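# Understanding the architecture of this molecule
Read off the chains here:
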Amino acid sequence: MKFFVDTADVAEIRELNEYGLLDGVTTNPSLILKAGRDIKEVTKEICDIVDGPVSAEVTAVDYAEMMREADVLSKIADNICIKLPLTLDGLKACKALTGDGRQTNVTLCFSANQALLAAKAGATYISPFIGRIDDMGTDGMEVISEIRTIYDNYDFQTNILAASIRTVNHVKLAAMIGADVATVPPATLKALVKHPLTDKGLESFLADWAKTGQKIG
Ligand code: G3P
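Here goes a summary of the coordinates provided. Worth saying up front: this structure is predicted, and the values here are computed from it rather than measured.

### Points about the sheet that holds strand β5 (residues 103–109)
An order of β1-β2-β3-β4-β5-β6-β7-β8 is seen for the eight strands of this closed barrel, with the pairing classed as parallel. Ignoring strand direction, the axes of neighbouring strands in this sheet form an average angle of 30 degrees. The sheet contact formed by strand β6 (residues 125–128) and strand β7 (residues 159–162) spans two bridges and is parallel. The partner of I126 across the bridge, within β7, is I160. The sheet strands contacting helix α4 (residues 63–74) are β3 (54–57) and β4 (80–85), and the helix crosses β4 at an angle near 155 degrees. Where helix α6 (residues 112–120) meets the sheet, it contacts β5 and β6, and its direction lies at approximately 165 degrees from that of β5.

### Some points on the state of the cysteines
For the structure on display, the rule yields zero disulfides. We note that C47 lacks a disulfide partner, and the nearest cysteine sulfur, in C81, lies 10 Å from it. Using a relative accessible area of 7% as the deciding quantity, one classes C47 as buried. C109 takes part in no disulfide bond, and the closest cysteine sulfur to it belongs to C94, at a distance of 12 Å.

### Brief notes about the site of the ligand
As a matter of local geometry, the ligand sits amid D6, N28, K83, F129, R132, A163, S164 and R166. Take N28: an N or O atom from its side chain is 3.3 Å from an oxygen atom of the ligand. Within the side chain of R166, a nitrogen or oxygen atom sits 3.1 Å from an oxygen atom of the ligand. Burial of the ligand by the surrounding chains reaches 82%, relative to a free accessible area of 310 Å². Looking at the shell around the ligand residue by residue, the classes come out as two nonpolar, two polar and four charged.

### Structural notes on the pairing of strand β8 (residues 181–184)
Where a strand is regular, its side chains alternate between the two sheet faces. Neither face of β8 is exposed, since V181 and T183 on one face and A182 and V184 on the opposite face are all buried. Here four bridges tie strand β1 (residues 2–6) to β8, and the two strands are oriented parallel to one another. Paired with F3 across the two strands is A182, which belongs to β8. With helix α9 (residues 168–177) bridging β7 and the parallel β8, this β-α-β connection has right-handed handedness.

### Digging into helix α11 (residues 196–212)
For α11, built from 17 residues, the straight-helix expectation of 24 Å at 1.5 Å per residue is met to within 8% by its first-to-last C-alpha distance of 25 Å. The positive-phi residue at the C-terminal boundary of α11 is G213, with phi of around 70 degrees.

Calculation notes
Residues numbered from 1 in each chain as written. Predicted model: local features only at pLDDT ≥ 70, side-chain atom pairs only at ≥ 80, totals over all residues. Heavy atoms only, no water. Pairing = 2+ DSSP bridges. Helix = DSSP H or I, 4+ residues; strand = E, 2+ residues; numbered from the N terminus. Axes fitted to C-alpha atoms, helices over the stretch in contact; angles between N-to-C directions. Contact = heavy atoms within 4.5 Å. Disulfide = S-S within 2.5 Å. Buried < 20%, exposed > 50% of the residue type's maximum accessible area, 1.4 Å probe, protein only. Near = heavy atom within 4 Å. Polar contact = N/O pair within 3.5 Å; in protein donor to acceptor, adjacent residues only side chain to side chain. Areas by Shrake-Rupley, 256 points an atom, 1.4 Å probe, with all protein chains shown as cover. Nonpolar A, V, L, I, M, F, W, Y, C, P; charged D, E, K, R; others polar. Right-handed = clockwise from strand over helix to strand, strands pointing away. Expected span 1.5 Å × (residues − 1).

Written as structure tokens, this is what we have:
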């Protein structure tokens, strides 16, 4: 499973990239607002840090304007992946951009049927929003599982990018189902390493080591 980080915070991206944990980055208009930066400037900075795909989202709702914005965003760097909303215009733009050899991420997916349409439009990634589906009282993971089955049935090459991840358990379940990528907020990504028995075990090894009076090297 690949890990993308879901943030436009350059300091967090730099840190996670140094740990070797990042395969890419996803941003959206809300994350750009949170970063308080100019979209082109911050996206360029992110693209310079990470080798993998960096999703940058169009904000237009009609096809022609989406294509114009996609062109502007694509010029930022070679690793830009154009993020498009799951609407008819978004799917049309996805088909056109894919035909031009661009990477696309179809976002705001809440059902398996929507994911089927995105695959037919040739999306590189489909982003089902697990946490927001859970918020509605239904099961986000069930949607990931349905999409996996449909994509495997027809050998669609679109990558399932589990998004709106809120917990470490979301990451584990998405991996077990076979989501290709999880885009994870920085704090949740770092929380994956945590286990109380790891901390306890390390503490006890260090205490015993100190008692040996030895040094390595
Ligand atoms: O990148 C989009 C997605 O991950 C949003 O997550 O937490 O705002 O539902 P959230």
